[in-house]
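# Observations on the three-dimensional arrangement
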Amino acid sequence: MTVEERERRPETPAEADGTTGLLTAVGKMLRLLRERKGLTQKEFGRLVGYGPDAVSAMERGVRTVRPEVLEAADDLLDAGGLLRQAIPEVREAVTRARTRHPEWYRGYAVLEAEAVALHDYSTMGILGLLQTEDYSRAVFTQRHPPLNEETIEKRVADRLSRQQVFEAWPPTEFSFVIEQAVLDRPIGGPDVHVGQLRQLLRIGRMRNVQLQVMPTARHEHPCLDNAFTLITPKGKEQVAYMESQGYPKLITAREEVRVLASRYGIIRAQALSPHESLDLIERMVGSR
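Residues numbered from 1 in each chain as written. Predicted model: local features only at pLDDT ≥ 70, side-chain atom pairs only at ≥ 80, totals over all residues. Heavy atoms only, no water.

## Topic: the pattern of salt bridges
All told, the structure shown has 17 salt bridges when counted by the stated rule. We note a salt bridge from R137 to E153, for which the minimum N-O separation is 2.8 Å. Of the two residues, R137 sits in helix 9 (residues 133-141) while E153 sits in helix 10 (residues 149-162), which places them 16 residues apart along the sequence. Since its relative accessible area comes to 22%, R137 is described here as partly exposed. As a salt-bridge pair, E282 and R205 come within 2.4 Å of each other at their nearest N and O atoms. Here R205 lies in the loop between helix 12 (190-204) and strand 3 (209-214) and E282 lies in helix 14 (residues 274-287), a separation of 77 residues in the sequence. (Salt bridge = Lys/Arg side-chain N within 4 Å of Asp/Glu carboxyl O. Helix = DSSP H or I, 4+ residues; strand = E, 2+ residues; numbered from the N terminus. Buried < 20%, exposed > 50% of the residue type's maximum accessible area, 1.4 Å probe, protein only.)

## Digging into the nonpolar core
Ranked by internal contacts, the top residues of the largest apolar core, which has 36 residues, are L130, F166, F176, L183 and L200. Here this core takes 6 residues from helix 12, the largest share from any one element. Apart from residues no more than four positions distant in its own chain, F176 is found in contact with L118, D120, L127, L130, F166, V209, Q210, L211, Q212 and Y264. Ranked by size, the runner-up nonpolar core spans 20 residues in total, among them F44, V55, V65 and A79. (Core = buried A, V, L, I, M, F, W, Y, C linked by side-chain atoms within 4.5 Å. Contact = heavy atoms within 4.5 Å.)

## Details of the environment of A117
For A117, the location among the structural elements is in strand 1 (residues 115-122). Through-space distance from the C-alpha of A117 to that of L230 is 8.1 Å; in sequence the pair is 113 residues apart.

## Observations concerning the sheet that holds strand 6 (residues 247-251)
Pairing between sheet strands relies on hydrogen bonds along the backbone, with the strands arranged either parallel or antiparallel. One open sheet holds the 6 strands; their spatial order is 3-2-1-4-5-6, and the pairing between them is mixed. The strands lining the two open edges of the sheet, one partner per strand, are strand 3 and strand 6. This sheet shows a mean twist of 15 degrees between the axes of neighbouring strands, independent of strand direction. Relative to strand 4 (residues 228-233), strand 1 runs antiparallel, the two being bridged by 6 bridges. Counterpart to L118 in the pairing with strand 4 is I231. Seen against the sheet, helix 13 (residues 254-270) touches strand 1, strand 2 (173-179), strand 3, strand 4, strand 5 (239-244) and strand 6 and runs at an angle of roughly 115 degrees to strand 4. (Pairing = 2+ DSSP bridges. Axes fitted to C-alpha atoms, helices over the stretch in contact; angles between N-to-C directions.)

## Things to note about unusual backbone geometry
Leave glycine aside and you will find that most residues have negative phi; peptide bonds, for their part, are mostly trans. With an omega of 0 degrees, the peptide bond running from H144 to P145 counts as cis. Inspection of the secondary structure assignment puts P145 in the loop between helix 9 and helix 10. Note the cis peptide between W169 and P170, where omega equals 0 degrees. Counting through the fold element by element, P170 comes out in the loop between helix 10 and strand 2. Backbone geometry at D78 places phi at a positive 55 degrees, although glycine is not the residue there. Tracing the backbone through its elements, the reader meets D78 in the loop between helix 6 (67-76) and helix 7 (87-96).

## Some remarks on helix 12
With 15 residues, helix 12 extends 21 Å from end C-alpha to end C-alpha; this agrees with the ideal 21 Å at 1.5 Å per step. Within helix 12 the residues assigned to the buried category are V192, H193, V194, Q196, L197, Q199, L200, L201, I203 and G204. On its buried face, helix 12 is in contact with helix 9, strand 2, helix 11 (180-184), strand 3 and helix 14. (Expected span 1.5 Å × (residues − 1).)

Shown next, in the form of structure tokens:
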């Protein structure tokens, strides 16, 4: 595989289905009406139930604007039915949306999009599905050898587009165990760090999400090898995925998956409870 092939970004759902123009146009209208109303992205996001990063991604056309957001925004922004008119086309785009990725990642991406359950153990950084836009950009900006600006922005957009799995219905079952050392590391600086912690609090409070922190002070630990993700696609057996220094591995052998699932169970038992974990993160935000 050539360097160019490794660096080539995955297509976003909008590009894969030819709806880039539609999403960009709707996003521009949303931004114009929001600014005309005098609302910041944070203020508007609070009214429609999304964070400022998600609102930013919608307005830039890199994330599909959910029909319910357009419905609410039409009244909140005094659009006079303008945004409601776009709902049928947006619904069609959501129905046809699918994520395409490079060959080395494509199998995992399909499984992730179809998952009925996803469980992840993170050791070095916040999982992409949980990252804010600023945190994600900081991660790619610090990559060595360096990536050019265009590649960085494309990869950030791709990462944000994957987060639509949180909006699926029926909802996917998620659990995340994050090493405390990961939360202590201020990737991107103080402001980006606090924004990322708040993002974890928001996602961790979702009814279909359990987020736990593995304390650094634990004397025992069942998995000091590597981070990994367990995925159960709809109608299929559970599989595992891991990466090491950019080399991905999709694990489908039953016995290997069973071992990792067993380790994950022990990890969850040794980590703080979801309630204790959110309390810890809240204290971290308050101390910054």
